Amino acid sequence: MKKTFYLFMLLVLCLIPVLSACNSDKTNEGGGSGSEGDSGDKKYKVGILAPAVTHGWVAAVAYHAEARAKELNSEIEYQIQTSSNAEEMTTQLDDLMTWGAEAIVAFPQWEGMEVPIQKAIDEGIKIVNFDIVIDSEDVYRVAGDNEDMGIQGAKYVVDKIGTEGNVVILEVPSSGSVSELRGKGFTETMKEIAPDIELHTYATQFTREDGLKDFADILTSLDQIDVVYSMDDETSIGVLQAIKESGRTDIKVVTGGGGMQEYFNMMPENQDIWIQSALYSPAMVKDAVDVALKVLKGEDVEKETIIPTTIVDRDNYKDFLDENSPY
């Protein structure tokens, strides 16, 4: 019996290392705060708040934000919420806080978001606003440069037609500082580099319908137009339709702004007109997601990130095509 007992104990002692090794292969599954990604590093929880629009520039914000979040899936866990008004966005902000978001990338288009955003900040959540300014020293912001869009537009015009000619400026007073800053950058730069160019300013809206209607009227009032300084791609599409329907051949440049796929695809179609867009792309929201991750990692990040203007025309439009983009 003793011999049998000793043999049994020897067998048990031999099995203990094997059982221990099997148990150590168990992995830590799941994401979120305190969880680990494929590399074993912590995965951060990042919430994304965007307007619920199914098309156009605003819709593309949510599209690009989610695309970047998916690219960062080894480092972050994310939730994206879309809303139709400030009240709905406030509720979703609360939902993200309950979920455990450590940072929130927000595109708060409506008034009344200052208080709920400050509440989130007070609870220790990092907030990165895309485009919109919120009056809080603790909010990070990522945006384009509206004034620089005008500056680069003026340089583009002079490059294409020289320092003489007639330029129609299509401003949009209802857009507030957007039109004001783009117009300021354009007119001040034109006066500096091409003071002999004549500037004619008209009001319109950031829609193709208004671009068509208003520019059709402008065409009847001016016999010679060399350039149309439009501040928006949608407006420019309407302008181009008005030019086509009028049969006019004097216009050599039509600018735009935003970064619209449909507009990009029009650029190579007409070799007689330089069709241009100064990017204020919804894809910039990817930088906002990057800022959120850097802040959570403890990296040194500027409170405001202003992205320089990129000019797109028929020479480089292919570099900016994205067939899946809603804008």
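Residues numbered from 1 in each chain as written. Predicted model: local features only at pLDDT ≥ 70, side-chain atom pairs only at ≥ 80, totals over all residues. Heavy atoms only, no water.

1. Focus: helix α7 (residues 208-221)
Thought 1: Under the 1.5 Å per step criterion, the end-to-end length of α7 is 20 Å for 14 residues, consistent within 8% with the ideal 20 Å.
Thought 2: Every buried residue belonging to α7 is among Asp210, Gly211, Asp214, Phe215, Ile218 and Leu219, and all of these are buried. The arc enclosing the buried residues of α7, seen along the axis, measures out at 155°, which places them on a common side. Counted as exposed and oriented over 90 degrees from the buried face of α7: Glu209 and Thr220.
Thought 3: Packed against the buried residues of α7 are β6 (166-171), β7 (198-203), β8 (227-230) and α8 (233-246). (Helix = DSSP H or I, 4+ residues; strand = E, 2+ residues; numbered from the N terminus. Expected span 1.5 Å × (residues − 1). Buried < 20%, exposed > 50% of the residue type's maximum accessible area, 1.4 Å probe, protein only. Arc of directions from axis to C-beta. Contact = heavy atoms within 4.5 Å.)

2. Section: the packing of helix α3 (residues 86-99) against helix α4 (residues 114-122)
Thought 1: Two elements in contact, α3 and α4, have axes separated by 10 Å at closest approach and are oriented at 10°. As far as their axial angle goes, α4 and α3 are roughly parallel. Residue-level inspection shows Thr90, Leu93, Asp94 and Met97 of α3 in contact with α4, the latter providing Pro116, Ile117, Lys119 and Ala120. (Axes fitted to C-alpha atoms, helices over the stretch in contact; angles between N-to-C directions. Parallel < 35°, antiparallel > 145°, perpendicular 65-115°, else oblique.)

3. So, the pattern of salt bridges
Thought 1: According to the stated counting rule, one finds 13 salt bridges in the structure shown.
Thought 2: When the shortest N-O distance is used, the salt bridge between Asp94 and Lys119 registers 3.8 Å. Remark: Lys119 occurs in helix α4 and Asp94 occurs in helix α3; sequence separation between them is 25 residues.
Thought 3: In this structure, Arg208 engages Glu262 in a salt bridge whose closest nitrogen and oxygen atoms are separated by 2.9 Å. Of this pair, Arg208 sits in helix α7 while Glu262 sits in helix α9 (residues 261-266); the two residues are 54 residues apart in sequence, bridging distant segments of the chain.
Thought 4: Each of Arg68, Glu71 and Asp290 takes part in salt bridges that share partners, so that together they form one network. (Salt bridge = Lys/Arg side-chain N within 4 Å of Asp/Glu carboxyl O.)

4. A few points about the nonpolar core
Thought 1: Ranked by internal contacts, the top residues of the largest apolar core, which has 59 residues, are Val105, Phe215, Ile225, Val254 and Tyr263.
Thought 2: It is helix α10 (residues 285-296) that provides the largest number of residues to this core, a total of eight residues.
Thought 3: If we ignore the near neighbours within four places in the chain, the residues touching Val105 are Val46, Gly47, Ile48, Leu49, Val128, Val285, Ala288, Val289 and Ala292. (Core = buried A, V, L, I, M, F, W, Y, C linked by side-chain atoms within 4.5 Å.)

5. Details of a negative patch on the surface
Thought 1: On the surface, a cluster of negative charge is made up of Glu111, Glu114, Asp122, Glu123, Asp135, Glu137 and Asp138.
Thought 2: Within the fold, Glu111 resides in the loop between β3 (103-106) and α4.
Thought 3: What makes Glu111 exposed here is its relative accessible area of 76%. (Patch = residues over 30% accessible without salt bridge, like charges linked within 9 Å, V, L, I, M, F, W, Y side chains within 5 Å. Areas by Shrake-Rupley, 256 points an atom, 1.4 Å probe, with all protein chains shown as cover. Lys, Arg positive; Asp, Glu negative; His and termini not counted. Charge placed at Lys NZ, Arg CZ, Asp CG, Glu CD.)

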